[in-house]
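Topology and contacts: notes
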Amino acid sequence: MRFAELSSPQLAALRRGPRVPVSLLPIGAVRPHGPHAPLGTDQLVSQSMCERAAARLATDEHVRVLILPPLGYGVTRCATDGAVGIGQETLHSLIVDVCTALGEQGLPRVVLVDNHSAPEQLATLRRAVHTVALRSGQHIGHLDPARHPVARRLPERFRGGQCHAGRCETSLVLAERPELVDTARLRDAPDRDGSPAEATGAEGESTFDTLTTMLVEVIRELV
Ligand SMILES: [Zn+2]
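Every value quoted in this text rests on a predicted model; they were computed, and no experiment measured them.

The coordination sphere of the zinc ion, as far as protein atoms go, consists of His33 (NE2), Asp42 (OD), Glu169 (OE) and Glu169 (OE), spread over 1.9 to 2.7 Å. Coordination geometry of the zinc ion: the 4 donor atoms subtend angles of 53 to 142° at the metal centre, consistent with an arrangement described as irregular. Each donor residue of the zinc ion lies on the same chain, and together they follow the pattern H-x8-D-x126-E. Of this pair, His33 sits in the loop between strand 1 (20-27) and helix 2 (41-56) while Glu169 sits in helix 6 (residues 167-176), and the two are 136 residues apart along the sequence.

Dropping the structure here:
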């Protein structure tokens, strides 16, 4: 299911097969996530959502999910504490180039899966989707949790983009990679959507479940 682990003949066979290939592009950012969570939290969450969606659709008759190598850098105004940002034009070009290259090889169905969701990042992704549509008529899927109807089921702060490094996002990391959360520092972490100290892996699993349902819907809409 990982695109870059396939050989050219294996990819060609998938393209000719009965299931429609849909490529997922996990996107994140390198930026601080409080004193307790990893800098690459956003990519970690995106990547895990892609893997969970691929697992759910593993035996689907219609869809064949492929996970592209992730885009770990994003647009961030933060420039301290380990933040490594790229410009909006850089991100825009990267996404447009990747989607166009796939489209030219008979793989036009791509879904952008982002969890950084800063306003400047979201605006760039929406613009990239628009640019690709204008240039090649290719329709790119974009899972935008804030605009998705299933978002009602997510914790309210998540929808408002206030999830950053708070209870909700920390729960997601605890569900996926608990060893990356510095629990000794959780009590010092600022309160954003409830104290990160209240985060649990179980809550993270439940949020992942909702996010994965949303992603599967976006994938099905493309096919
Ligand atoms: Zn984050």
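The structure having been displayed, the exposition proceeds.
Let's shift gears to the pairing of strand 3 (residues 110-114). Of all 5 residues in strand 3, 5 are buried, a share of seventy percent or more. Both strand 1 and strand 3 contribute to a ladder of 5 bridges, which runs parallel. Bridge pairing in strand 3 places Leu24 opposite Val111. The sheet contact formed by strand 3 and strand 4 (residues 141-143) spans 3 bridges and is parallel. Note that in strand 4 the partner of Val113 across the bridge is Leu143. At this point the chain moves from strand 3, through helix 4 (residues 119-136), to the parallel strand 4, and the crossover so formed is right-handed.

This part takes up the side chain of Glu169. One buried charged residue, Glu169, remains without a salt bridge, the closest side chain of opposite sign being Arg31 at 5.0 Å. Side-chain polar atoms of Glu169 contact the side chain of His33, separated by 3.4 Å. Residues within four places of Glu169 in sequence aside, it is in contact with His33, Thr41, Asp42, Asn115, Cys163 and His164.

Next up on the list: the nonpolar core. If you look at the biggest cluster of nonpolar residues, it comprises 25 residues, and the most contacted ones within it are Leu24, Met49, Val65, Val111, Leu215 and Ile219. Looking at this core, the elements that each hand over two or more residues are strand 1, helix 2, strand 2 (63-67), strand 3, helix 6 and helix 7 (201-222). Element by element, the count of residues in this core is highest for helix 7, at 8 residues. In terms of nonpolar packing, the next biggest core, distinct from the first, is built from 21 residues, Leu91, Val96, Leu102 and Ile140 among them.

A pair can form between side chains of opposite charge whenever their charged atoms are brought close. The full count for this structure, using the stated rule, is 12 salt bridges. Between Glu51 and Arg2 there is a salt bridge whose closest N-O contact spans 2.9 Å. Here the residue Glu51 occupies a position in helix 2, and Arg2 occupies one in the segment before helix 1 (8-16), the gap between them amounting to 49 residues. What makes Arg2 partly exposed here is its relative accessible area of 33%. When the shortest N-O distance is used, the salt bridge between Arg167 and Glu198 registers 3.0 Å. Linking Arg167 in helix 6 with Glu198 in the loop between helix 6 and helix 7, this pair joins segments that are 31 residues apart in sequence. Residue Glu198 is classed as partly exposed on the basis of its relative accessible area, which comes to 42%. In the salt-bridge network here, residues are joined through shared partners; they are Arg52, Glu176 and Glu205.

About the cut-offs
Residues numbered from 1 in each chain as written. Predicted model: local features only at pLDDT ≥ 70, side-chain atom pairs only at ≥ 80, totals over all residues. Heavy atoms only, no water. Donors = N, O, S within 2.8 Å, 3.2 Å for Na, K, Ca; no water. Tetrahedral: all angles 85-135°; square planar, octahedral: opposite > 155°, others 65-115°. Helix = DSSP H or I, 4+ residues; strand = E, 2+ residues; numbered from the N terminus. Buried < 20%, exposed > 50% of the residue type's maximum accessible area, 1.4 Å probe, protein only. Pairing = 2+ DSSP bridges. Right-handed = clockwise from strand over helix to strand, strands pointing away. Lys, Arg positive; Asp, Glu negative; His and termini not counted. Salt bridge = Lys/Arg side-chain N within 4 Å of Asp/Glu carboxyl O. Polar contact = N/O pair within 3.5 Å; in protein donor to acceptor, adjacent residues only side chain to side chain. Contact = heavy atoms within 4.5 Å. Core = buried A, V, L, I, M, F, W, Y, C linked by side-chain atoms within 4.5 Å.

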